[in-house]
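Read off the chains here:
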Amino acid sequence: MLIFFLIPFVDTVRRSFYDVRGVNFIGLESYVSVVNNMAFRLAAVNTARFVAICIPLLLVISLGVALLVRCVRPGGAVFKTTFLLPMAVPVASVVLLWQVLFNDGGLANSVLDFFGLPGVRFMGSGAAFWVLVATYLWKNTGYNMVLWLAGLDSISDTLYEAARVDGASKLQSFRYVTLPCLLPTVGIVSILSLLNSFKVFREAYLVAGAYPHDSMYLLQHLFNNWFVQLDISRLSAAATMLAAVLLVMILIIRRFLDEKD
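Residues numbered from 1 in each chain as written. Predicted model: local features only at pLDDT ≥ 70, side-chain atom pairs only at ≥ 80, totals over all residues. Heavy atoms only, no water.

S.K.: Tell me about a nonpolar patch on the surface, and name the residues and values.
M.R.: A surface patch of nonpolar side chains, about 860 Å² in accessible area, is lined by Met1, Leu2, Ile3, Phe4, Phe5, Leu6 and Ile7. Mapped onto the elements of the fold, Met1 is located in the segment before α1 (2-15). (Patch = residues over 30% accessible without salt bridge, like charges linked within 9 Å, V, L, I, M, F, W, Y side chains within 5 Å. Areas by Shrake-Rupley, 256 points an atom, 1.4 Å probe, with all protein chains shown as cover. Salt bridge = Lys/Arg side-chain N within 4 Å of Asp/Glu carboxyl O. Helix = DSSP H or I, 4+ residues; strand = E, 2+ residues; numbered from the N terminus.)

Set out below in structure tokens:
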């Protein structure tokens, strides 16, 4: 951790205050340049929008899937494996799937044409953003489902028995027993989902390149382009700012859950 993570991160913070060579001190010049950069603003807005939409959807969908899997026990193990399969699919296969489905002459447009509907340029319009959202949900639902199942298994059956004795319905048991007991799991799942949302870049990059449609141009695209251009000062400043934002978001999640406890 010290050698491969902490020391490089500290060096990144240091480089954000120096020129490209890391020799001359330039203060906050790189930070000002990053904030005033239009590409950074576009990428930051898209990334914030992506996170704000994907995280709540993923939490709700994965929890719903976990509850369904528990309802069909013992056959739920088969469904659990099915939902975990996307994690085992190589990125290259996901890229191929995107091309088959969402190219201008792909399967999705063929289905639309069959029903007499106009075709959609999925990768060349605002629809590209929703393709990215669907990919993130598809790949991460199974992983989060396992975390939810672990949280559900940790809830004692005696709590549900006491609720039934008191006349609570299944919905009331879920609201007053399941949800409060899942709060620690909510924190873990939320933080991991937030971090995993920054790993969806690979598929978008391999399909649409370094400069995709504006709707799916994320911070990872910008960082990659600055790295290729060896714009180390601005890259270090932007990375430091992103790390600070993520830290604040994680602390807010922890504080909120601690207050609920």
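Alright, that's what it looks like, and here's the rest.
S.K.: Can you break down the environment of Phe201 residue by residue, with the values?
M.R.: As for its position among the elements, Phe201 is in helix α11 (residues 201-208). Taking the relative accessible area as the measure of exposure, Phe201 reaches 15% and is therefore buried. Once the C-alpha coordinates of Phe201 and Leu219 are considered, the two residues, 18 residues apart in sequence, prove to be 8.9 Å apart. With sequence-adjacent residues up to four places away left out, Phe201 is seen in contact with Gln220, His221 and Asn224. (Buried < 20%, exposed > 50% of the residue type's maximum accessible area, 1.4 Å probe, protein only. Contact = heavy atoms within 4.5 Å.)

S.K.: Tell me about the packing of helix α2 (residues 29-36) against helix α3 (residues 38-71), residues and numbers included.
M.R.: At a minimum axis separation of 5 Å, α2 and α3 run at an interaxial angle of 65 degrees. In this view, α2 runs roughly perpendicular relative to α3, as classed from their interaxial angle. Contacts between α2 and α3 involve Val34, Val35 and Asn36 on the former and, on the latter, Met38, Phe40 and Arg41. Among the residues making up the contact of α2 with α3, the classes are represented as four nonpolar, one polar and one charged. (Axes fitted to C-alpha atoms, helices over the stretch in contact; angles between N-to-C directions. Parallel < 35°, antiparallel > 145°, perpendicular 65-115°, else oblique. Nonpolar A, V, L, I, M, F, W, Y, C, P; charged D, E, K, R; others polar.)

S.K.: Describe the side chain of Asn196, with residues and values.
M.R.: Among the secondary structure elements, Asn196 is positioned in helix α10 (residues 183-196). Classification of Asn196 as buried rests on a relative accessible area of 14%.

S.K.: Which residues make up the nonpolar core, and what values do they have?
M.R.: Residues Phe50, Trp98, Leu132 and Tyr136 are the most contacted members of the largest nonpolar core, which totals 52 residues. If you list the elements that add at least two residues to this core, you get α2, α3, α5 (91-102), α7 (127-153), α8 (157-165), α10, α12 (219-228) and α13 (232-260). When residues of this core are assigned to their parent elements, the largest contribution, 12 residues, is made by α3. (Core = buried A, V, L, I, M, F, W, Y, C linked by side-chain atoms within 4.5 Å.)

S.K.: Break down helix α9 (residues 170-181) for me, with residues and values.
M.R.: The end-to-end C-alpha separation of α9 is 15 Å, in line with the 16 Å expected for 12 residues at 1.5 Å each. Looking at the buried positions of α9, the neighbouring elements they touch are α7 and α8. (Expected span 1.5 Å × (residues − 1).)

S.K.: Run through unusual backbone geometry, naming residues and quoting values.
M.R.: Phi is positive for Leu230, close to 60 degrees, though the residue is something other than glycine. Within the secondary structure, Leu230 is located in the loop between α12 and α13. Classification of Leu230 by relative accessible area gives exposed; the value is 55%.

S.K.: Outline the packing of aromatic side chains, supporting the account with residue identities and numerical values.
M.R.: Under the criterion given, the structure shown has seven aromatic pairs. Note on Phe17 and Tyr31: the rings are 5.4 Å apart at their centroids and 40 degrees apart in plane angle, and the pair reads as tilted. On the criterion of sequence distance, the pair formed by Phe17 in the loop between α1 and α2 and Tyr31 in helix α2 is long-range, its members being 14 residues apart. Seen in terms of ring centroids, Phe50 and Phe129 are 6.2 Å apart; in terms of plane orientation they differ by 85 degrees. Their pairing is edge-to-face. Highlighted residues: Phe50 in helix α3 and Phe129 in helix α7, separated in sequence by 79 residues. Pair check on accessibility: Phe50 and Phe129 agree, each one buried. Connected via pairs of aromatic rings, a cluster forms that spans Phe50, Phe129, Trp130 and Tyr136. Its end group placed over the ring of Tyr18, Arg14 keeps NZ or CZ at 5.2 Å from the ring centre. Against the face of Phe129 rests Arg49, its NZ or CZ located 3.9 Å from the ring centre. (Phe/Tyr/Trp six-rings, centres within 6.5 Å; stacked < 30°, edge-to-face > 60°. Lys NZ or Arg CZ within 6 Å of the ring centre and 35° of its normal.)

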